[in-house]
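Per-entry structural report
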Amino acid sequence: MEKFTSEIIEQMRNEECDERWDYTFNKIKDYLNIDNREIFPNESDLSLLDNLDKELNDQPDEASDIIEQLAFLGEKTTTLSSSARYFGFVVGSSFPIALQARLLADTWDQNSALYLMSPLASKIEEICEKWMIDLLQFPSTCAMGIVSGSASATILALNAACYKINREERSKIKVVIGEQAHATVFKSLKILGITSKQMVLVPCDEKGKIKVDELPILDDNTIVILQAGNVNGGAYDDFETICKLANEKGAWIHVDGAFGLYAHCCDNLNHLTKGVDLASSWSVDAHKTLNTPYDNGIVLCKDKDIYLESLKAEGSYLVGSNHRDGMSYTNEMSRRARSIELWATLKALGKQGVSDLVYELACKAKYFALELEKIGFDVLNEVVFNQVVVYFKDDETTKKILELINNSGVCFMSSATWQNKFVIRISVSSYKTTYTDIDECLEVIKKICGDIKN
Ligand SMILES: *Cc1c(COP(=O)(O)O)cnc(C)c1O
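Criteria and thresholds
Within every chain, residues take consecutive numbers counted from 1 along the sequence as written. At least 70 in pLDDT is required for a residue's local features to be given in this predicted model, at least 80 for side-chain atom pairs to be given and counted, and no such filter applies to totals for whole chains, interfaces and linings, which use all residues. Hydrogens and waters are ignored; side-chain quantities use all the structure's heavy atoms. Definition of nearness: a residue and a molecule or strand are near each other if at least one heavy atom of the residue lies within 4 Å of the molecule or strand. Polar contacts, as counted here, are pairs of nitrogen or oxygen atoms within 3.5 Å of one another; within protein the pair requires one atom able to donate a hydrogen and one able to accept it, and residues that are adjacent in sequence qualify only if both atoms are side-chain atoms. The Shrake-Rupley method, run with a 1.4 Å probe sphere, supplies the accessible areas, and residue values consider only the shown protein chains as cover. Strand pairing is assigned whenever DSSP identifies at least 2 bridges connecting the two strands. Numbered from the N terminus, helices here are DSSP runs of H or I no shorter than four residues, and strands are runs of E no shorter than two. When checking whether two residues touch, look at their non-hydrogen atoms; a contact exists if any pair is within 4.5 Å. Think of each axis as a best-fit line through the C-alpha atoms, taken over the contacting stretch in the case of a helix, with angles from 0 to 180 degrees between the N-to-C directions. Each helix should span, by expectation, one fewer than its residue count multiplied by 1.5 Å. The cut-offs for exposure are 20% and 50% of the maximum accessible area for each residue type, with area from a 1.4 Å probe on protein chains only; residues under the lower value are buried, those over the upper are exposed, and the others partly exposed. In this description, one arc is meant: the one made by directions from the helix axis to the C-beta atoms.

1. Some points on the site of the ligand
Taken together, 13 residues form the shell around the ligand, and within it A151, D256, D285, H287 and K288 come nearest. In this structure, D285 approaches the ligand through a side-chain N or O atom, which is 2.7 Å from an oxygen atom. The separation between an oxygen atom of the ligand and a polar side-chain atom of H287 is 2.8 Å. Protein burial of the ligand: of its 380 Å² of free accessible surface, 85% is covered by the chains.

Below you can see the structure in the form of structure tokens.
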């Protein structure tokens, strides 16, 4: 028989790459200290990306060249979305401790599908489940799965809901959902085979909350989907009233709390989430408000048995154990140990730290809104958490101002349609953002608005 040994692979096995490790770590540290370039890369730097578009080489490229090229591209062409002055979408930064834990976990390359593949990942995931439930003061019967983000978390939660309501016939299920639900929630329903005919879209008020008196009649074939944090304005549905109504009828209640559920961990903000613990399932991200690196999302489900049953799969080589087998808690089998950065972040913040983090974000959003009002913006949303929606005179002027703000390179904001207007949407979701950062942005925005008026 042939004992094949590839020269290419042999070289990778034997190469000395200490120097490249040093180089990589230095580049990581350099990147974390970048503070003198545009938040969104400029056109000329972005054109560097065109050079990447080449046929795959037949023979190996030099590894150190590859790392150098990547490091250079990272310096020039990334959006500085983990920086203090990034306010686009709802993105969050990443705490150094979280990134360090992630780097270690990536190095270990553990597969957290089974206990047998990684006892460490299994244990840490189990602890994260306990900690998150404790942090959110949810019933200890909850099951938690760790996935790539709220989009996946929502699919899993709604899958459990469908499974409980009618495991054979999805067409009997009715979904009651706010007209301003997040796009990924509608996508989840589509993936699960729920048609638009099965959905009742409930109108929202001017804040973006479901109008309680427009809810249809609920029953035990119904899934009610609520929001803790409207993606534009940050509004919270009236959980207490709706959950009581829905629970009386035996409906399933899912709460999309991607960034906003953390208000529940903060005494100064938990008036927003009153009654949210009465729901049946929740989706929430670690990579947004909690400031872990991407990607890290969480699904929680009150009925652990139904949740696990809805995901059950068997195979002779999948040796289960009495310990936690991560794959039983998600659709994924092979998966990186996302629990490790979550664990490190929770441990580094403590309950007090999580509460402080979310309260800081909320206070800064309010400050930003008040100062923008002084410059002449209309603040169109009720700033209850970390989202600010602003408007200047008319759609066209607002669009122009946003373009000038983002081109200034000082900060980045995104846009949306809100109450039929083109609006600027600001999300304060980075732990790094200080009042000084906001003041620096305001300075630039004030000048832009002044120039536009003249
Ligand atoms: C971001 C977001 C989602 C989707 O979450 P991912 O983590 O991007 O998958 C869902 N709902 C709301 C309200 C969001 O803000």
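2. Focus: the sheet that holds strand β11 (residues 421-427)
With antiparallel pairing, the 4 strands of this open sheet are ordered in space as β8-β9-β11-β10. Bordering the open sheet on either side are β8 (378-379) and β10 (414-418), each of which pairs with just one other strand. In this structure, β8 lies alongside strand β9 (residues 387-391), joined through 2 bridges in antiparallel fashion. Bridge assignment links V379 to a residue of β9, and that residue is V390. Relative to β11, helix α12 (residues 395-408) is tilted by about 35°, and along the sheet it contacts β9, β10 and β11.

3. A closer look at α12
In a regular helix each residue adds 1.5 Å, so 14 residues correspond to 20 Å; α12 covers 20 Å between its end C-alpha atoms and thus fits that length. Here α12 has its buried residues at T397, T398, I401, L402, I405 and N406. What you see down the axis of α12 is that its buried residues fit within an arc of 160°, all on one side. The exposed set on the far side of α12, more than 90 degrees from its buried face, consists of E396 and N407. Looking at the buried positions of α12, the neighbouring elements they touch are β9, β10, β11 and α13 (435-453). G409 occupies a position one or two residues after α12 and carries a positive phi of about 80°.

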